[in-house]
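Structural overview
Given next are the chains, with one letter for each unit.
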Amino acid sequence: MSRPDLNLLVTLDALLAEGSVARAARRLKLSPSAMSRALARLREATGDPLLVRAGRGLVPTPRAVELGAQVGRLVKEAEAVLRPVERLDLARLSRSFTLRNSDGFVENFGSALLARASREAPGVQLRFVPKPDKESGPMREGAVDLETGVIGNTTGPEVRSRALFRDRFVGVVRPGHPLSEGRITAARFAAGRHILISRRGLDRGPADDALELAGLTRTIATVVGGFAEALALARGSDLIATVPERYTGTLREGLFTFTLPVKLASLTISLLWHPRLDADPAHRWLRGLVREVCGEPRNPTT
């Protein structure tokens, strides 16, 4: 069965409203002959004459009267779908967004993000869920609206991204730890007992590669899956943690932070989302909010 021409709905709406082929043609900017041909196609599609002559005018058949209100509603709904999106009213916006982030994000940025969202759009709910990997499946399936993190090999090729900020790795120990005093050399750093952070359970990380170039090795005392765990262990022991500086700002409060004596590549933390949400006004507002709260500071300090 062939698919009906949906443009005929607009034609039928005009014919029923005007009750005249000529007036309906003027309304739709068509010639009278083109409108007559469209009426013939409508009659064929519905199996009903729809409009019949009565004196000099046309009157609707019972079938046309039955269709009248329904056709008008359908045309208005179609016009609304194809109309440009109206200006976003944040005060009336009621929506829930799911944000997927590595541990440390909520502790470091969550409060400021919630405060801003509450002030600008009190009807919006932000849901934070953990990020165990870099797979883009949850975004592709619609389970996650927005994500932050480092772009990896498993990030979907269709995913949109925008850099939030660059970060560097720093060393962290408890107050009073031997490394909190004196010059920290690569040898002193390597001589300590370390916490390795690996969500995949690896037995070495970038710091091991950097130390190896200097002819040094370190002792990995324990392996954990996230920054919060590593810093909690460092706070209560003599273990050394190596974490991103800005991403863990709040988590490191009260701890001694030092510049690493070996060179590690910096990180670029990005905002990630699926392209189907690219033009959504509410989602664009959320992306802008996260960039303002979590992006590069206006006056960055070393």
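Here's a quick rundown of the structure. Per chain, the residues get numbers from 1 upward, laid out in the order the sequence is written. Where local features are concerned, this predicted model is filtered to residues with pLDDT of at least 70; where side-chain atom pairs are given and counted, the filter is 80 or more; whole-chain, interface and lining totals use all residues. To obtain the side-chain values, all non-hydrogen atoms of the structure were included, while hydrogens and water were left out.

1. Re helix H10 (residues 281-294)
Secondary structure elements follow DSSP: runs of H or I no shorter than four residues count as helices, runs of E no shorter than two count as strands, and numbering proceeds from the N terminus. To estimate the expected span of a helix, count its residues, drop one, and scale the result by 1.5 Å. Between its first and last C-alpha atoms H10 spans 20 Å; for 14 residues at 1.5 Å apiece the expected length is 20 Å, and the two agree. Most of H10 sits out of view: ten of its 14 residues are buried. Taken together, the buried positions of H10 are occupied by Ala-282, His-283, Trp-285, Leu-286, Arg-287, Gly-288, Leu-289, Val-290, Val-293 and Cys-294. The contact criterion used throughout is that any non-hydrogen atoms of two residues lie within 4.5 Å. Packed against the buried residues of H10 are strand S3 (95-101), helix H5 (105-120), strand S4 (124-130), strand S5 (146-149), strand S6 (160-167) and strand S12 (267-273). Here the term buried applies to any residue with accessible area under 20% of the maximum for its type, exposed to any over 50%, and partly exposed to those in between, with areas from a 1.4 Å probe on protein chains only.

2. As for the layout of surface pockets
In this model, the largest pocket occupies a volume close to 1100 Å³. Lys-134, Ile-197, Ser-198, Arg-199 and Arg-200 are, among the 38 residues lining the largest pocket, the residues nearest its centre. The element that contributes the greatest number of residues to the lining of the largest pocket is strand S8 (residues 193-197), accounting for three residues. Residue polarity follows a fixed list, in which Ala, Val, Leu, Ile, Met, Phe, Trp, Tyr, Cys and Pro are nonpolar, Asp, Glu, Lys and Arg are charged, and the others, Gly among them, are polar. Here the lining of the largest pocket is built from residues that sort into 16 nonpolar, twelve polar and ten charged. Detection works on a 1 Å grid of protein atoms alone, calling trapped sets that fit a 1.4 Å probe cavities and calling open sets with protein on both sides within 12 Å along at least five of seven lines pockets, with lining residues defined by an atom within 4 Å of a point. Grid points are joined across faces, edges and corners, and a volume is the space filled by probe spheres set on the points.

3. Brief notes about the environment of Glu-44
Along the chain, the position of Glu-44 falls in helix H3 (residues 32-46). For Glu-44, a relative accessible area of 67% puts it in the exposed group. Spatially, the C-alpha atoms of Glu-44 and Leu-233 are 78 Å apart, while their sequence positions differ by 189 residues.

4. Things to note about the pairing of strand S1 (residues 51-54)
Two strands are said to pair when DSSP picks up at least two bridges between them. Where S1 meets strand S2 (residues 57-60), four bridges bridge the pair, whose relative direction is antiparallel. Bridged to Ala-54 within S2 is Gly-57. Between the antiparallel neighbours S1 and S2 lie two residues, among them Gly-55 with a positive phi of about 70 degrees.

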